[in-house]
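Overview (structure and organization)
Residue strings, one per chain:
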Amino acid sequence: MVKSTRSSRAGQEESSVGRGKSKSRDSDEDGVGKTRRHTRASPRSKVSGHRGSRKDRSEPSSKVRGAAEPREVRALLSIWSHALDNKRDGSSTSLGSPHRVRGGLQKGGKSSPDTSAAKSTSSHEDIGVEHPTIILGEWAMRPWCAPAYSAAHFLPGGPIYVCEFCLQPIKDLDTLARHMSRPHSVHPPHPPGREIYRSGDLAIWEVDGAVQPLYGQHLCLLAKAFLDHKTVHAHVAPFVFYVLTRWGPTGAQLLGYFSKDKRQQADAETHCSLSCILTLPPFQRQGCGHLLIDFSYHLLRMAGLTGSPETPLSDLGLASYRRYWAGVLSRHVAGRAAGAALGLRGVAEATGIEVADLVSTLQVYHAVKHWRTQYVVLPAHLPPPRPPLVAFDPAALDASWKPLSMVV
């Protein structure tokens, strides 16, 4: 009797468990309404490509890192709508791609076809903060920090159009088309000032802030969108700007620049190699920053001085300088005779780099050691010397040029 009772109870439990399994299987197949007690996906859903619950399917795609912000999408849609209107009117305007805007209106208000791949410049943006997109030539760039442009420079919810030659902020696309259609005699397709360097398609222009204050202000306004610590963008007369461009079919395209204070004291303890430096986001990691840094030290070497960049440096600026200083030390260590001592003062005089910057670089790479009242350099700790992507060639400078930065 006891055995039969236990067996009947076991049979009832098995049948109830079986009913529970079939009930849960039916609810899995229906996929409606009821909350599951387990969170692990069933093998059946993985094999059959089951899409999951409705809550998972309704998750917005804007949470994906790198997705376009709504304001940027609206700005680009406004560009495309303007381009479609112009196309209906009979004018040729390229729609371009969502990130690389071949808006690139050329002289005469015409545009060239977009044959390049789309590129985006939306890194380092402030999380949760929407800034108006800056459209410079063929590039749509999202600012890394709050721009200094006033509300009169752009429409509410729209982008900021910037002329790629004179850098003037323009409110809408139609005004930009009229601005770009002016003749070269009035609106030259390159920065103002003097072209002092030409190597291939790369050129460096010297712009005096006292002679061209409007261009200097526009350049500083553009830089403020990517440099949080930059404060000067109105009083530019004491500065000289060295602007790096690349010649193309439409003119000289801005790549980056650095500024330098013209008021240098000869008896000062330290001299500033530059005051502010910026490489635009689309052209970073292409050797432009290295070229600008090397040229700034070349100006110091021409005056027989050593110097250091003005502080504070941005994170990217400090990293660029660390790589540059480490590369200079590696080349001098590799070029010295076997067993010869490395004199940092001799390296400073040959390169224009301040001794304190060389010492701090050795400390960062743990390449210096104090041993028996002497400092010993450990070459194995320094990065191996590598040729720069873009090298500065002193022979490409204008032979009749003399720097505007004065030493008084």
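Before going into details, it helps to say that this report is about the structure given with it. (Residues numbered from 1 in each chain as written. Predicted model: local features only at pLDDT ≥ 70, side-chain atom pairs only at ≥ 80, totals over all residues. Heavy atoms only, no water.)

Within the chain one finds 10 helices and 15 strands. Burial statistics for the chain: of 408 residues in total, 39% are counted as buried. For the chain, the share of sequence-separated contacts (at least 6 apart) that also reach a separation of at least 24 residues comes to 59%. Accessible surface, the chain: about 23,200 Å² in total, of which carbon and sulfur atoms supply 54%. (Helix = DSSP H or I, 4+ residues; strand = E, 2+ residues; numbered from the N terminus. Buried < 20%, exposed > 50% of the residue type's maximum accessible area, 1.4 Å probe, protein only. Contact = heavy atoms within 4.5 Å. Areas by Shrake-Rupley, 256 points an atom, 1.4 Å probe, with all protein chains shown as cover.)

The sheet built from five strands is open, its strands ordered S5-S6-S7-S8-S11 with antiparallel pairing. The outermost strands of the open sheet, each flanked by one partner alone, are strand S5 (194–199) and strand S11 (276–279). Here the strands of the sheet are splayed against their neighbours by 20 degrees on average, with no regard to which way each runs. With respect to the sheet, helix H6 (residues 213–224) is in contact with strand S6 (202–208), strand S7 (239–247), strand S8 (252–261) and S11, its orientation differing from that of S7 by roughly 75 degrees. (Pairing = 2+ DSSP bridges. Axes fitted to C-alpha atoms, helices over the stretch in contact; angles between N-to-C directions.)

Put simply, helix H7 (residues 288–303) and helix H8 (residues 315–335) touch, their axes get as near as 10 Å, and they point 65 degrees apart. In this structure, H7 meets H8 at a crossing whose hand is right-handed. Judged by residue contacts, His290, Ile293, Asp294, Ser296 and Tyr297 of H7 engage Ser320, Tyr321, Tyr324 and Trp325 from H8. Here the residues of the contact of H7 with H8 are counted per class, giving five nonpolar, three polar and one charged. (Left-handed = near helix turned anticlockwise from the far one by under 90°. Nonpolar A, V, L, I, M, F, W, Y, C, P; charged D, E, K, R; others polar.)

Looking now at the pairing of S5. Pairing geometry for S5 and S6, over five bridges, is antiparallel. By the bridge assignment, Arg194 is partnered in S6 with Glu206. In this antiparallel pair of consecutive strands, S5 and S6, the connection spans two residues, and Gly200 shows a positive phi of 70 degrees.

What follows covers the pattern of salt bridges. Within this structure, the stated rule accounts for five salt bridges. Asp208 serves as the salt-bridge partner of Lys262, at 2.7 Å between the closest nitrogen and oxygen. Of this pair, Lys262 sits in the loop between S8 and strand S9 (263–264) while Asp208 sits in strand S6, and the two are 54 residues apart along the sequence. A single burial state applies to Lys262 and to Asp208, both of which are buried. (Salt bridge = Lys/Arg side-chain N within 4 Å of Asp/Glu carboxyl O.)

Turning our attention to the sheet that holds strand S1 (residues 134–136). The pairing of strands in a sheet happens through backbone hydrogen bonds and is either parallel or antiparallel. The strand order across the open sheet built from four strands is S2-S1-S3-S4, with neighbouring strands paired in mixed fashion. If you trace the sheet from one side to the other, it starts and ends with strand S2 (139–141) and strand S4 (169–170), each paired once.

Let's shift gears to helix H5 (residues 173–180). The set of residues buried in H5 consists of Leu173, Leu176, His179 and Met180. Seen along its axis, H5 keeps its buried residues to an arc of 115 degrees; they face one direction. A side-chain oxygen of the first residue of H5 lies 3.2 Å from the backbone nitrogen of Asp174; this N-cap is Asp172. (Arc of directions from axis to C-beta. Polar contact = N/O pair within 3.5 Å; in protein donor to acceptor, adjacent residues only side chain to side chain.)

Turning our eyes to something else, we now look at the nonpolar core. Leu222, Phe241, Tyr242, Val243 and Phe295 are the most contacted members of the largest nonpolar core, which totals 72 residues. For this core, the element with the most residues is H7, which contributes eight residues. Among the nonpolar cores identified, the runner-up in size contains nine residues, and Ala140, Phe165, Ile170 and Leu176 belong to it. (Core = buried A, V, L, I, M, F, W, Y, C linked by side-chain atoms within 4.5 Å.)

Let's shift gears to the packing of aromatic side chains. Counted according to the given criterion, the structure contains 13 aromatic pairs. For the ring pair Trp144 and Phe226, a centre distance of 5.6 Å and an interplane angle of 90 degrees mean the geometry is edge-to-face. With Trp144 in the loop between S2 and strand S3 (160–162) and Phe226 in the loop between H6 and S7, this residue pair connects regions lying 82 residues apart in the sequence. On the basis of relative accessibility, which here comes to 9%, the residue Trp144 falls in the buried class. (Phe/Tyr/Trp six-rings, centres within 6.5 Å; stacked < 30°, edge-to-face > 60°.)

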